[in-house]
Amino acid sequence: MYITDFTGRTAFITGGASGIGLGIAKVLVERGARVVIADLRQDHIDTALAQFAGGGRSNAVSALQLDVTSREAYAEAAARMQAEFGGIDILVNNAGVGLEGPVLQATYADYDFGFGVNIGGVINGFVTFLPQMIAHGRGGHVVSTASLAAEVVMPAHLAIYAASKAAVCHYCEAVKGELAAQQIGVSILLPGPIKSNIHQAQLNRPDHLRAGSGFAESEAKLAQREVSDSWMEPEEVGNMVADGILADKTYIVTHGIFKDWQRARAQAVLDATPDVDNAAVRGL
Ligand code: NAI
Ligand code: GGE
């Protein structure tokens, strides 16, 4: 509970120009925060900023083009935030790619793309921004977008995606205590299906990881998949995230539709665990 009010706070949202990130940006702006949208795609940035234009708080929003996998660019962005706002208060590690394809055809280009953005980008966010968030002494919060895919056993064509999201989840769980001691809250966003451009993984691939990919065909097909009316609106997720920050919730879960699969996975691990209390090694 380090953030008790969004007024006067600065939030930096990666992947903030589309889908879930944009939904979070809109809600945080509505609730009084200053928001910096950081996104790979200039086309997304242009349409996102146009949606704020003319609104009462459009001055509270700005944007910068950033690839979260570039540590140099990330460090530059952080230096700008330090100079302009005296450092950020809220980091939302949301940029991610929904890559999928036949796992046995995956090449290192596919692993590097999926892990590079989905977990590498999150780690770059923590490493780049934590020093300024600790140094300014105002307390703060980090939200990272994983997925309910991290909580269930996923089909093989989403193996890279699921593994990268599980890494986000476990990293955040592990560091939460250390960061609490620095007045920095940690939340993991675990969404179910949300209306967004998640199926455009192909467009977000850098050229050097497009060459040699084994996923070209499946990602071209994926790009045709339509968003369903039944999927949640990004602004609804944004409201859950804002409430989750104020309550320092560890898990922000948008849907209950996979609960049986979540329970089955947790139960399978428990079932494989011996009941004996190995007293002799308990101290290890
Ligand atoms: P989206 O594609 O609409 O938004 C993601 C944004 O991230 C895009 O604007 C894209 O340009 C940007 N981005 C991609 N790679 C980037 C990079 N290297 N550096 C900076 N920005 C980059 O998709 P969505 O769904 O809003 O995705 C947001 C997060 O939510 C992702 O981490 C995704 O895995 C996760 N998620 C989405 C779900 C859904 O149903 N839409 C469900 C569960 C998780
Ligand atoms: C909505 O589209 C997608 C997608 O193409 C890939 C991954 C996801 C959404 C999400 O991260 C979630 C779906 O909410 O992933 C899943 C979680 C649990 C079961 C199945 C999932 O995706 C198929």
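This section reports on the structure supplied with the text. (Residues numbered from 1 in each chain as written. Chains lettered and ligands numbered in written order. Predicted model: local features only at pLDDT ≥ 70, side-chain atom pairs only at ≥ 80, totals over all residues. Heavy atoms only, no water.)

## Thoughts on the overall build of the protein
Then comes step 1: The number of helices and strands found in the protein is nine helices and seven strands.
Then comes step 2: Here the C-alpha radius of gyration of the protein, 19 Å, is about what a compact globule of 284 residues would show, namely 19 Å.
Then comes step 3: Once the C-alpha set of the protein is aligned to its principal axes, its extents read approximately 55 × 50 × 40 Å.
Then comes step 4: Counting only residues that meet the buried cut, the protein has 47% of its 284 residues in that class.
Then comes step 5: Put simply, of all contacts in the protein between residues at least 6 apart along the chain, 78% involve residues at least 24 apart.
Then comes step 6: About 13,500 Å² of surface is accessible on the protein, with carbon and sulfur atoms providing 54% of the total.
Then comes step 7: Of the charged side chains in the protein, 21 are positive and 30 negative, and the gap between their average positions amounts to 3 Å. (Helix = DSSP H or I, 4+ residues; strand = E, 2+ residues; numbered from the N terminus. Rg over C-alpha atoms; globule rule 2.2 N^0.38 Å. Buried < 20%, exposed > 50% of the residue type's maximum accessible area, 1.4 Å probe, protein only. Contact = heavy atoms within 4.5 Å. Areas by Shrake-Rupley, 256 points an atom, 1.4 Å probe, with all protein chains shown as cover. Lys, Arg positive; Asp, Glu negative; His and termini not counted. Charge placed at Lys NZ, Arg CZ, Asp CG, Glu CD.)

## Describing the nonpolar core
Then comes step 1: Of all hydrophobic cores here, the largest spans 46 residues; its most connected members are F12, L64, M81, L91, F126 and F129.
Then comes step 2: Put simply, the parts of the chain that give this core at least two residues each are β2 (34-39), α3 (71-85), α4 (108-135), α5 (159-180) and β6 (184-190).
Then comes step 3: Counting residues per element, this core draws most heavily on α4, which supplies nine residues.
Then comes step 4: Residues contacting F126, with those up to four places away along its chain left out, are L91, N93, P131, V142, S144, Y171, C172, V175 and L179. (Core = buried A, V, L, I, M, F, W, Y, C linked by side-chain atoms within 4.5 Å.)

## Here we look at the packing of helix α1 (residues 19-30) against helix α8 (residues 234-246)
Then comes step 1: Closest axis-to-axis distance for the α1/α8 pair is 7 Å, and the angle between their directions is 60°. The angle between α1 and α8 falls in the class oblique. Pair α1 / α8 crosses with right-handed handedness. In contact with G19, I20, G23, I24, K26, V27 and L28 of α1, α8 contributes P234, E235, V237, G238, N239, V241 and A242.
Then comes step 2: Of the residues that constitute the contact of α1 with α8, the class distribution is eight nonpolar, four polar and two charged. (Axes fitted to C-alpha atoms, helices over the stretch in contact; angles between N-to-C directions. Parallel < 35°, antiparallel > 145°, perpendicular 65-115°, else oblique. Left-handed = near helix turned anticlockwise from the far one by under 90°. Nonpolar A, V, L, I, M, F, W, Y, C, P; charged D, E, K, R; others polar.)

## Some words on the packing of aromatic side chains
Then comes step 1: Taken as a whole and assessed by the stated rule, the structure comprises six aromatic pairs.
Then comes step 2: With 5.9 Å between their ring centres and 80° between their planes, Y74 and F129 make a pair best called edge-to-face. Within this pair, whereas Y74 is found in helix α3, its partner F129 is found in helix α4, the two being separated by 55 residues in sequence.
Then comes step 3: The buried category is assigned to Y74, whose relative accessible area is 0%.
Then comes step 4: For F129, a relative accessible area of 0% puts it in the buried group.
Then comes step 5: On the numbers, 6.3 Å between centres and 10° between planes, the contact of Y111 with F115 is stacked. Here Y111 and its partner F115 are both found in helix α4, four residues apart, which amounts to about one turn of the helix.
Then comes step 6: Exposure remark for F115: the relative accessible area of 29% places this residue in the partly exposed category.
Then comes step 7: Taken together, the ring pairs connect F12, Y74 and F129 into an aromatic cluster. (Phe/Tyr/Trp six-rings, centres within 6.5 Å; stacked < 30°, edge-to-face > 60°.)

## As for the site of ligand 1
Then comes step 1: Among the 28 residues in the neighbourhood of ligand 1, the closest are listed as S18, I20, D39, H44 and S196.
Then comes step 2: I20 is positioned with one of its backbone polar atoms (N or O) 2.8 Å from an oxygen atom of ligand 1.
Then comes step 3: In this structure, an oxygen atom belonging to ligand 1 sits 2.6 Å away from a side-chain N or O atom of S196.
Then comes step 4: About the coverage of ligand 1: the protein hides 97% of its 820 Å² of free accessible area. (Near = heavy atom within 4 Å. Polar contact = N/O pair within 3.5 Å; in protein donor to acceptor, adjacent residues only side chain to side chain.)

## Regarding the side chain of H199
Then comes step 1: Positionally, H199 belongs in the loop between β6 and α6 (207-210).
Then comes step 2: Beyond its immediate stretch of four places on either side in the chain, H199 contacts L222, A223, R225, E226 and W231.

## Observations concerning the site of ligand 2
Then comes step 1: Of all residues adjacent to ligand 2, which total 17 residues, the nearest are S147, Y161, G192, P193 and H199.
Then comes step 2: Here an oxygen atom of ligand 2 sits 2.7 Å away from a polar atom, N or O, in the side chain of Y161.
Then comes step 3: A distance of 3.2 Å separates an oxygen atom of ligand 2 from a polar atom in the side chain of H199.
Then comes step 4: Out of a free accessible area of 500 Å², ligand 2 has 85% covered by protein chains.
Then comes step 5: In the shell around ligand 2, the residues fall into 12 nonpolar, three polar and two charged.

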